[in-house]
Amino acid sequence: MNHIRTRTTRTRRTALVVATAAAAFVLAACGGDGGNDDGGSAHEGPHGSASASAETGSTAGSTTGSESGENAHNAQDVAFAQGMIPHHRQALEMARLAADRSASAAVEDLAARIEKAQDPEITTMTGWLTAWGEDVPEPAPSNTSTGSTGSTGTESMPGMDHSAHSGMPGMMDGQDMAELERASGRAFDTMFLTMMVEHHEGAVEMAGTEKAKGRYAPAKALADDIITAQNAEITEMNKLLGKK
């Protein structure tokens, strides 16, 4: 697995170098734009409805695997929540870097929407796990002391240790995140968009597994909305990168 991960990481970094030059003029064209009109509501629509239904479901989340009906949950539902929480936390860490590093208003707007959508979803999934008597993933320990405290317990951001979760689909490793944190301007924007596309693709894959194998109705609804919203954002980000 290590040699696969190394090859994947090397491929990603090579792609970033190439993409930086190719995307510079696209980001420059979008630099004064307040956001993408087509993708501007991608999170607030699907994710908003998912959070609402999921919060309702978390109230009834005290169900056990032996109960029947739409309130019942299974091991896949637990795995989905336990995996998506750290996955979302990394997306928040990436998004919060954009405010003082990005040179593109469109990228900053996208990052703000990602944070607005995914922060409440972490709270919702944490509620499910707590109600089910399952372990809630702890925030990764920090490698630095420069982070700020967020409402979801991600007080280690930035500088979190990502080694424990780097094997999940779309997750960046510690070196990836360190490179993103050091970048600025258009180099940051290209790196952010390229990494976030991969990160979103991983979330879509995880959500697809939940839709296929999960049992808890609110979790399956959240998974469906993650697929819809993040696929829309992938399209938005690829356009910013100059891809069709």
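Residues numbered from 1 in each chain as written. Predicted model: local features only at pLDDT ≥ 70, side-chain atom pairs only at ≥ 80, totals over all residues. Heavy atoms only, no water.

A.B. asks: Can you explain the overall build of the chain? Please cite residues and give values.
C.D. replies: A tally of helices and strands in the chain yields seven helices and zero strands. Scanning the chain from its N terminus toward the C terminus, one meets helices and strands in the order α-α-α-α-α-α-α. The 244 residues of the chain split such that 50% are buried. In the chain, 78% of the contacts between residues at least 6 apart in sequence involve partners at least 24 apart. For the chain, the accessible surface area stands at approximately 10500 Å², while carbon and sulfur atoms represent 53% of it. (Helix = DSSP H or I, 4+ residues; strand = E, 2+ residues; numbered from the N terminus. Buried < 20%, exposed > 50% of the residue type's maximum accessible area, 1.4 Å probe, protein only. Contact = heavy atoms within 4.5 Å. Areas by Shrake-Rupley, 256 points an atom, 1.4 Å probe, with all protein chains shown as cover.)

A.B. asks: I'd love a proper account of helix α7 (residues 217–240), names of residues and values included.
C.D. replies: An ideal rise of 1.5 Å per residue puts 34 Å on 24 residues; α7 measures up with 35 Å between its terminal C-alpha atoms. Following α7 by one or two positions, Gly242 has its phi on the positive side, about 85 degrees. (Expected span 1.5 Å × (residues − 1).)

A.B. asks: Before we move on, can you summarise the pattern of salt bridges with the specific residues and values?
C.D. replies: Within the structure shown, the criterion is met by six salt bridges. For the salt bridge of Asp119 with Arg96, the shortest nitrogen-to-oxygen distance reads 3.7 Å. Taken together, the residues span a long stretch of sequence, with Asp119 in helix α4 (residues 105–132) and Arg96 in helix α3 (residues 75–97) at a distance of 23 residues. Given a relative accessible area of 12%, Asp119 falls into the buried group. The shortest N-O distance in the salt bridge between Asp224 and Lys211 comes to 2.9 Å. Of this pair, Asp224 sits in helix α7 while Lys211 sits in helix α6 (residues 185–213), and the two are 13 residues apart along the sequence. When salt bridges with common partners are traced through the structure, they connect Arg96, Glu115 and Asp119 into a single cluster. (Salt bridge = Lys/Arg side-chain N within 4 Å of Asp/Glu carboxyl O.)

A.B. asks: How would you sum up the packing of α6 against α7? Please name residues and give values.
C.D. replies: The contact between α6 and α7 brings their axes to 8 Å, and the two run at 155 degrees. Considering the angle they form, α6 stands roughly antiparallel to α7. Helix-helix and strand crossings are classified by hand; for α6 and α7 the assignment is left-handed. Here the residues of the contact of α6 with α7 are counted per class, giving 13 nonpolar, five polar and six charged. (Axes fitted to C-alpha atoms, helices over the stretch in contact; angles between N-to-C directions. Parallel < 35°, antiparallel > 145°, perpendicular 65-115°, else oblique. Left-handed = near helix turned anticlockwise from the far one by under 90°. Nonpolar A, V, L, I, M, F, W, Y, C, P; charged D, E, K, R; others polar.)

A.B. asks: So what's going on with the packing of aromatic side chains? Which residues, and what values?
C.D. replies: Taken as a whole and judged by the stated rule, the model has four aromatic pairs. Between the aromatic rings of Trp128 and Trp132, the centroid separation amounts to 6.2 Å while the plane-to-plane angle is 25 degrees, which identifies the pairing as stacked. Remark: Trp132 and Trp128 occur in helix α4; sequence separation between them is four residues, near one turn of the helix. Judged by relative accessible area, which is 0%, Trp128 ranks as buried. The rings of Trp128, Trp132 and Tyr216 are connected pair by pair, giving a single aromatic cluster. (Phe/Tyr/Trp six-rings, centres within 6.5 Å; stacked < 30°, edge-to-face > 60°.)

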